[in-house]
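A closer look at the structure
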Amino acid sequence: MITLLIGVFLCTEVDHLNDATFGKITILDEPELLNTLRDAQNKGVIMGIHGWEHENYSILTPSQAKEDVQKGKLVFEKAGLIPRVFISPFEIYGVPKDPSVRQAIESTQVATSLPPMKTNGTYIYEYTWNWRTMQSFDDPRFQEASVKIKEDHPQTIVLHAMDWNPYVNQFLINYLSSTNDTNITVRMDDVEVNTPKGVINGITQMTQYKSVGRVVLAVIPVGTWKGSDPVIENIEVNKIIGIYFWFFIITSLLPLSFFVIWKSLSGWSIKRNQNRYRSANIQNPEYHGLVSIVVPAYNEEKTIGSCLESILNQDYKGKMEVIVVNDGSTDRTAEIVLKYPVKFINLKANIGKANALNRAIKDTKGDILIFTDSDSYMSANAVSSLVECLIANNDAQMIAGNVFIHNSQGKKRIIKYFQMIEYLIEQEITRYLQGLSGSILVCPGPLTAVKREVCESVHFSDETIVEDADFTIKALKKSMKIIQEPKAKVYTNAPETFRAWYKQRKRWWYGNLQVWRLHRHWAMRNAWMVLNYLGYIIGICSIILIMFLPYLLLQYDNLLLISLRGLSYSIFPVLLFIVFTASLFSRDKKLLPMLIPYVLVYSTIKVVMISYLYLCYLTGRGLKIQFGPRTIEVR
């Protein structure tokens, strides 16, 4: 509901902003309309000033009214139009009620009423109000008005330019060609800069009927430029552009606002009940049993030393065993590992990360196992936090840690900043909310804790190229509870070039599609999995919309103004995204300026890549993935 209200509010307010910024033009700026008005005047149509911007003259002072009419008169004269009369907006008779206002207007040499004509009629009435919605001659309004106008014998028939359509045209023709009355005034109000020339030509044709004494056009000199409304295959382009806006609101802003509000409310609830929750669930907070930490490594000579030092410097009071499995590295990884007091499994040939993990698990002795990656560095309290969380939540079998990008010293490329934002949003919103129901979809390779019984029934597999996601889903299918421990933090190295980022994300995102296919029947019953899969479909739809957008924009007469008006519809949702997520960056404020390029640039790159991978998946073309020393062809 909040998102829909925001969407409606944006439509309204951005329209107003666009009107104020780009929309104010006069009839002088619309050559086609101007030529049509001149032609109508030459055929005897009377031109009237309908205010300056369609103001309500009942609330204007005489001096304000005079100023507006003087400005309108000047535009008329520049346009080659003769302002014969002032027709007051919001008044059916078109005459200002306040005598002082009338006097002020007439001091500009513009009359406030037309001289009366001898007529049999006694009524001034608008029969066609809101006929813009009429779709058929069988509409009851058409039939009722046709009967009433014959009963009324009106002296003046008033209509509005925006209501003009074939039904209004035929309604007038039917009456004017059949009545014996004469000297009827046909007045069209609200002619403005967006009025199609066909409307002016249509009302001008009424001068040919003997029953008509005069045709009057009440013209608003200055208006809000809305642009043309081109049509493709009988569909208005403006409506298609509207679909673009709501597509973004529903697919991007809706999930984000929902998740942020959900996180805020749940966080408040957890804090309120935290003391009671902990006292009720912690059975043995002094657990100091053996914890086994498993570290797989392949060619990690640059990072394995720092990884092991962060493990050996943990503040955990109990016993720890560290098992490093070297998966056939060809660099100095083995040499470096041997310098540390850890158990070392040195595989001569590369068997893949999943198999290497399974091999290491066989040698573990602890009741709690913690997995980490050799390019990651644990915070000093990571192990103790994970153990405490497992003990406090004895119904949980797996705990996901919080993964962040390692904030290394030196110059960071923009791709690294983007990943820092991405990781933070993922941890603080998506994984946090999944953890509330015990259904985290991916226990990350850099930091995950499991109870021993998990590894007795679930094994790592190379059926997919994302062994951690596959392992997690298998555990969820066995009704295991998987939660998050925010205090257990690990910092991992992120790709620092676009090429390296592409190789990593290609494996992750295509691997997620493999996991979907492998566990499809279960996944279709899991809301988070469905939402994740919908991301690929939405990506394809986004690309199609983006590719089609230039063609739509080229349908408009003024491409520059249309593009500028459309740009504001993008800016405000981006600002809302920043508002929704800004609170997450309270401890890392330097990332806030990067949110705008993150949304505009990084998100676009992600959508393009996800769409490409999804097409490869749907078509069965597959991909070649570099995984360790091997190049794997995945389908």
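Quantities reported herein were computed from a predicted structural model and do not represent experimental measurements.

Focus on the overall build of the chain
Along the backbone of the chain there are 20 helices and 20 strands. Against the globule reference of 26 Å for 635 residues, the chain gives a C-alpha radius of gyration of 36 Å, more extended than a compact globule. Expressed along its principal axes, the backbone C-alpha trace of the chain runs to roughly 110 × 55 × 50 Å. Relative to its 635 residues, the chain shows a buried fraction of 51%. Considering only contacts in the chain between residues 6 or more positions apart, those separated by 24 or more positions represent 79%.

Quick look at the packing of helix α13 (residues 414-436) against helix α20 (residues 595-619)
Think of two packed helices as two axes; the pair is described by the angle between the axes and how far apart they sit. The N-to-C vectors of α13 and α20 enclose an angle of 90°; their axes lie 10 Å apart at closest approach. Classed by the angle they form, the pair α13 and α20 counts as roughly perpendicular. Facing α13, whose interface residues are Ile415, Phe418, Gln419, Ile421, Glu422 and Ile425, α20 presents Leu595, Pro597, Tyr598, Tyr602 and Lys606.

Brief notes about the pairing of strand β16 (residues 398-405)
Among the eight residues of β16, eight are classified as buried, and the element is accordingly described as predominantly covered. Here seven bridges tie β16 to strand β18 (residues 482-492), and the two strands are oriented parallel to one another. Paired with Ile399 across the strands is Ile483, a residue of β18.

Examining the pairing of strand β11 (residues 291-297)
Burial runs high along β11: seven of the seven residues are buried. Of the pairings in the sheet, the one linking β11 to strand β12 (residues 320-327) comprises seven bridges and is parallel in character. The residue of β12 that forms the bridge with Val294 is Ile323. Crossover β11 to β12 through helix α9 (residues 304-312) is right-handed.

Details of the environment of Pro486
Mapped onto the elements, Pro486 comes out in strand β18. Its relative accessible area of 37% is what places Pro486 among the partly exposed residues. The sequence separation of Pro486 and Glu428 amounts to 58 residues, and the corresponding C-alpha distance is 8.5 Å.

Here we look at the packing of helix α3 (residues 62-79) against helix α4 (residues 99-106)
α4 packs onto α3 with a crossing angle of 35° between their chain directions and a minimal axis gap of 8 Å. The handedness of the crossing between α3 and α4 is right-handed. Note on element contacts: α4 touches α3 through Ser100, Val101, Ala104 and Ile105, opposite Pro62, Ala65, Lys66 and Val69. When grouped by side-chain class, the residues that make up the contact of α3 with α4 number six nonpolar, one polar and one charged.

Considerations on the side chain of Ser257
Of note, Ser257 is situated in helix α8 (residues 237-281). Residue classification places Ser257 among the buried positions, given a relative accessible area of 2%.

Regarding the pattern of salt bridges
By the definition in use, this model includes 20 salt bridges. Lys353 is the partner of Asp373 in a salt bridge, and the nearest nitrogen-oxygen pair spans 2.9 Å. A residue pair is termed long-range when its members are at least 10 positions apart, and Asp373 in the loop between β14 (368-371) and β15 (376-378) and Lys353 in helix α11 (residues 353-361) qualify at 20 residues. Take Lys353: its relative accessible area is 22%, and that puts it in the partly exposed class.

Focus: the sheet that holds β18
If you trace the eight strands from one edge of the open sheet to the other, you get β13-β12-β11-β14-β17-β16-β18-β15, paired in mixed fashion. Each edge of the sheet is formed by a strand with only one pairing partner; in this case those strands are β13 (343-347) and β15. Averaged over all adjacent pairs, the angle separating strand axes in this sheet is 25°, with direction ignored. The pairing of β11 with β14 spans four bridges and is parallel. Pairing of Val294 across the sheet is with Phe371, part of β14. Strands β11, β12 and β15 of the sheet are contacted by α9, whose axis makes an angle of about 15° with β15.

Comments concerning the environment of Val442
Within the secondary structure, Val442 is located in the loop between α13 and β17 (448-451). Among the residues examined, Val442 registers a relative accessible area of 24% and is labelled partly exposed. Distance in space between the C-alpha atoms of Val442 and Val466 is 9.5 Å, their sequence separation being 24 residues. With near-sequence residues (within four places) excluded, Val442 lies in contact with Arg431, Asp468, Ala469 and Thr472.

Rules and cut-offs
- Residues numbered from 1 in each chain as written.
- Predicted model: local features only at pLDDT ≥ 70, side-chain atom pairs only at ≥ 80, totals over all residues.
- Heavy atoms only, no water.
- Helix = DSSP H or I, 4+ residues; strand = E, 2+ residues; numbered from the N terminus.
- Rg over C-alpha atoms; globule rule 2.2 N^0.38 Å.
- Buried < 20%, exposed > 50% of the residue type's maximum accessible area, 1.4 Å probe, protein only.
- Contact = heavy atoms within 4.5 Å.
- Axes fitted to C-alpha atoms, helices over the stretch in contact; angles between N-to-C directions.
- Parallel < 35°, antiparallel > 145°, perpendicular 65-115°, else oblique.
- Pairing = 2+ DSSP bridges.
- Right-handed = clockwise from strand over helix to strand, strands pointing away.
- Left-handed = near helix turned anticlockwise from the far one by under 90°.
- Nonpolar A, V, L, I, M, F, W, Y, C, P; charged D, E, K, R; others polar.
- Salt bridge = Lys/Arg side-chain N within 4 Å of Asp/Glu carboxyl O.

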